[in-house]
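The lines below spell out each chain.
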Amino acid sequence: MIKRDGAMPSLWQQTVEPLPFNNEAPAGNYDVVIVGAGITGISLALRLQTAGLQCLVLEAHNCCFGTTGGTTAHLNTMLDTPYTTIIKHVGEDGAKLVAQSVKEAIHHIEKNIETYQADCGFERTAAYLFAQNVQQEKELQDIVTACEKVSVPVHYSNNIPLNIPFTKAIEIPAQAKFSPVQYVYGLAKAFIAAGGRIIEQTAVTGYTHRTDEVVQQEIIEVQTDAGYSYVTNKLVFATHIPPGVNVLHMRCAPYRSYAMAVKLNGPYPDELCYDMYDPYHYYRTQLIDGEPYFIIGGEDHKTGHEDNTAACFNKLEAHAKKYFNVESITHKWSSQYYEPADGLPYIGELPGARPNVYVATGYGGNGMVYSQVATILLTDLITTGASAYASLYNPNRIAPVAGFANFIKENADVIKNLVSGLVTRTQLESLSGLAHNEGRVVVFEGHKIAMYKDGNGNLHVLNPTCTHLKCSVSWNAAELSWDCPCHGARYSIDGVVLNGPANMDLKKIELKND
Ligand code: FES
């Protein structure tokens, strides 16, 4: 089973065999170094490699460890940010360009699958969006009007393929679905066959620009935790959110979404479906090795803002059982996405960085299609210096935040010193009152401590101060992780970074034994 950034295995993790990459890591020179082996990193690497550039992908964990392994993989031209909102922000012409870019993105996936024989259960199918009250009917009408303005075909439908009561519905033709990990693995194989390199379990710890004396040109040296450095002309952060401290962290809000795969008694709908609540539910079927799985998702919330994450699954399960004849639940999992401030992703040159450093982030709930928009856009930027979509998705479209340095507040690292030696492991355990498999941030002598008691009764005690910009992490009971509510960094029970932007682990608190 491939590994992912959560404790609950997704449908995709268990149905794909891990690829045996050659993780030998000698230092070397590359035209492009891409950080992150998710769908953005791998598809961009393949496109650049086949355009004649020598590419290296560096991955801190394993291919598809992040949200690519946890998405539910809907491919839409009808986006989570309605075209009504997009028109408000970028005008009708800009919104038409957005619609064109996502249409091109789905076509790009289709073409890749054909070219590289990526067997990933891709299917074109219609999508349905349905209203269940008067307010939603009004929103639906606004969406139809906006879709007509930007040339996204939609029409009203008297039916939806689900047995859920509705008052009005629209059909959006020619959307699509696939198995995301199988797609990425198919492209990864093609990338390696084309001479590209993927190195896993190697985190990028920093990069520096310097002038190459021989060619008198600025180059970038990329440092890793494996001790090797790589020299490159172009560096791309395809890490879902860029690491370090960047203005984009203030423009992207982390959210979590919950999903389950179920077996149904009776027929499986082929189409994609969405209700219109906030947060909304989403539904679709995926065939894997000839077996249908019905995938239901929803119950989204801001990362770190829900005390009882396990209850989100309970609500989703109750919803599934209310409307569908569920025979069994085969998988439950959750994953993270980043909502951009103005509803559009940030793809292009990394704000605040020197030239030739790129980023793709803020995909919202449309990561599958925007990853391909990023692939097309960044390939054009890197190979020709221009892209038809560059200004639309320009990460620098946001004004610099005044006094940005003030976000980084000095937070003296006193917890370890105050707690260590003062209190024994047994005392702290009884003070916290934790049950087995429970985690919580507790306050001791005015200081916060992140504590998790595992199934064997062992305590895992950490400083809850996020190493990114010093917010306090919250316990995620569903995925057994510490999640930061500020910019979405996530850590394992022992404080190891699962998701950026943090690039340092939470500090452990050593306790006295009795
Ligand atoms: Fe930024 Fe935690 S992710 S403070």
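Residues numbered from 1 in each chain as written. Predicted model: local features only at pLDDT ≥ 70, side-chain atom pairs only at ≥ 80, totals over all residues. Heavy atoms only, no water.

Draft legend 1. Just the sheet that holds strand S18 (residues 438-444), in detail. Here three strands make up an open sheet; going across it, the order is S18-S19-S20 and the pairing antiparallel. A strand with exactly one partner marks an edge of an open sheet, and here the two such strands are S18 and strand S20 (459-462). Going from strand to strand, the sheet's axes swing by 25 degrees on average, the running direction of each strand aside. Bridge count between S18 and strand S19 (residues 447-453): seven bridges; the pairing is antiparallel. (Pairing = 2+ DSSP bridges. Helix = DSSP H or I, 4+ residues; strand = E, 2+ residues; numbered from the N terminus. Axes fitted to C-alpha atoms, helices over the stretch in contact; angles between N-to-C directions.)

Draft legend 2. Examining the nonpolar core more closely. The biggest cluster of nonpolar side chains holds 91 residues, and the ones touching the most others in it are Tyr83 and Tyr393. Top contributing element to this core by residue count: helix H3 (residues 83-116), with eleven residues. Those residues in contact with Tyr393 that sit more than four places away from it in its chain are Val98, Ser101, Leu344, Pro345, Tyr346, Ile347, Tyr370, Val373 and Leu377. Residues Tyr128, Tyr283, Ile296 and Leu316 belong to the second largest nonpolar core, which totals 23 residues. (Core = buried A, V, L, I, M, F, W, Y, C linked by side-chain atoms within 4.5 Å. Buried < 20%, exposed > 50% of the residue type's maximum accessible area, 1.4 Å probe, protein only. Contact = heavy atoms within 4.5 Å.)

Draft legend 3. Seen up close, unusual backbone geometry. Here the residue pair Asp278 and Pro279 is connected by a cis peptide bond, since its omega of 0 degrees sits within 30 degrees of zero. Here Pro279 is to be found in the loop between strand S12 (272-274) and strand S13 (282-288). A cis amide bond links Gly500 to the next residue, Pro501, at an omega of 10 degrees. Positive phi, normally seen in glycine, also occurs at Ala73, with a value near 60 degrees. A positive phi angle is found at Ser151, which is not glycine, with a value near 65 degrees. Among the structural elements, Ser151 can be located in the loop between helix H4 (134-149) and strand S5 (155-157).

Draft legend 4. Layout of the state of the cysteines. Inspection of the entire model under this criterion finds one disulfide. Looking at Cys55, it has no disulfide partner, and the nearest cysteine sulfur is the one in Cys63, 15 Å off. (Disulfide = S-S within 2.5 Å.)

Draft legend 5. Here's a closer look at helix H7 (residues 367-384). The terminal C-alpha atoms of H7 lie 25 Å apart, and with 18 residues this matches the ideal 26 Å at 1.5 Å per residue to within 8%. Among the residues trailing H7, Gly385 stands out with phi positive, at a value near 85 degrees. (Expected span 1.5 Å × (residues − 1).)

Draft legend 6. Geometry of the sheet that holds strand S22 (residues 481-483). Strand order in the open sheet made by the four strands is S21-S22-S23-S24, with antiparallel pairing throughout. Of all the strands in the sheet, just strand S21 (474-476) and strand S24 (497-499) have a single pairing partner and so form its edges. When S22 meets strand S23 (residues 490-491), the two strands line up antiparallel, connected through two bridges. Residue pairing across strands places Asp483 opposite Arg490, the latter belonging to S23.

Draft legend 7. Geometry of the pattern of salt bridges. Enumeration according to the criterion identifies 14 salt bridges in this entry. As a salt-bridge pair, Asp142 and Lys138 come within 2.9 Å of each other at their nearest N and O atoms. Of the two residues, Asp142 and Lys138 are both situated in helix H4; the distance of four residues between them amounts to about one turn of the helix. A salt bridge links Arg490 to Asp483; the nearest nitrogen and oxygen atoms lie 3.1 Å apart. (Salt bridge = Lys/Arg side-chain N within 4 Å of Asp/Glu carboxyl O.)

Draft legend 8. Looking closely at the side chain of Thr71. Mapped onto the fold, Thr71 is located in the loop between strand S2 (55-58) and strand S3 (74-75). A residue is classified by how much of its surface remains accessible, and Thr71, at 14% relative accessible area, is buried. Beyond its immediate sequence surroundings of up to four residues, Thr71 is in contact with Trp12, Pro180, Trp333, Ser335 and Met368.

Draft legend 9. Fine view of the packing of aromatic side chains. According to the stated counting rule, one finds 14 aromatic pairs in the structure shown. Relative to Tyr337, the ring of Tyr255 lies with its centre 5.7 Å away and its plane at 15 degrees, an arrangement referred to as stacked. Placement of the pair is Tyr255 in strand S11 (residues 252-264) and Tyr337 in strand S15 (residues 326-340), with a sequence separation of 82 residues. Residue classification places Tyr337 among the buried positions, given a relative accessible area of 13%. Ring geometry for Tyr283 versus Phe294: centroids 6.5 Å apart, planes at 15 degrees, classification stacked. On the criterion of sequence distance, the pair formed by Tyr283 in strand S13 and Phe294 in strand S14 (residues 291-302) is long-range, its members being eleven residues apart. There is no split in this pair, since Tyr283 and Phe294 are both buried. Three or more aromatic residues joined by ring pairs make a cluster, and in this case those are Tyr274, Tyr280 and Tyr282. (Phe/Tyr/Trp six-rings, centres within 6.5 Å; stacked < 30°, edge-to-face > 60°.)

Draft legend 10. Here's a closer look at helix H6 (residues 309-323). The first and last C-alpha atoms of H6 sit 22 Å apart over 15 residues, in line with the 21 Å expected at 1.5 Å per residue. Where H6 is buried, its residues contact S11, S13, S14, S15 and S21.

Draft legend 11. Local environment of the side chain of Glu299. As for its position among the elements, Glu299 is in strand S14. Although Glu299 lies buried, it forms no salt bridge, and the closest oppositely charged side chain, Lys315, sits 4.2 Å away as judged by the N-O distance. Within the local environment of Glu299, its side chain forms a polar contact with the side chain of His281, the two groups lying 3.3 Å apart. In contact with Glu299, not counting residues within four places along its chain, are Arg256, Tyr258, Pro279, His281, Cys312, Lys315 and Leu316. (Lys, Arg positive; Asp, Glu negative; His and termini not counted. Polar contact = N/O pair within 3.5 Å; in protein donor to acceptor, adjacent residues only side chain to side chain.)

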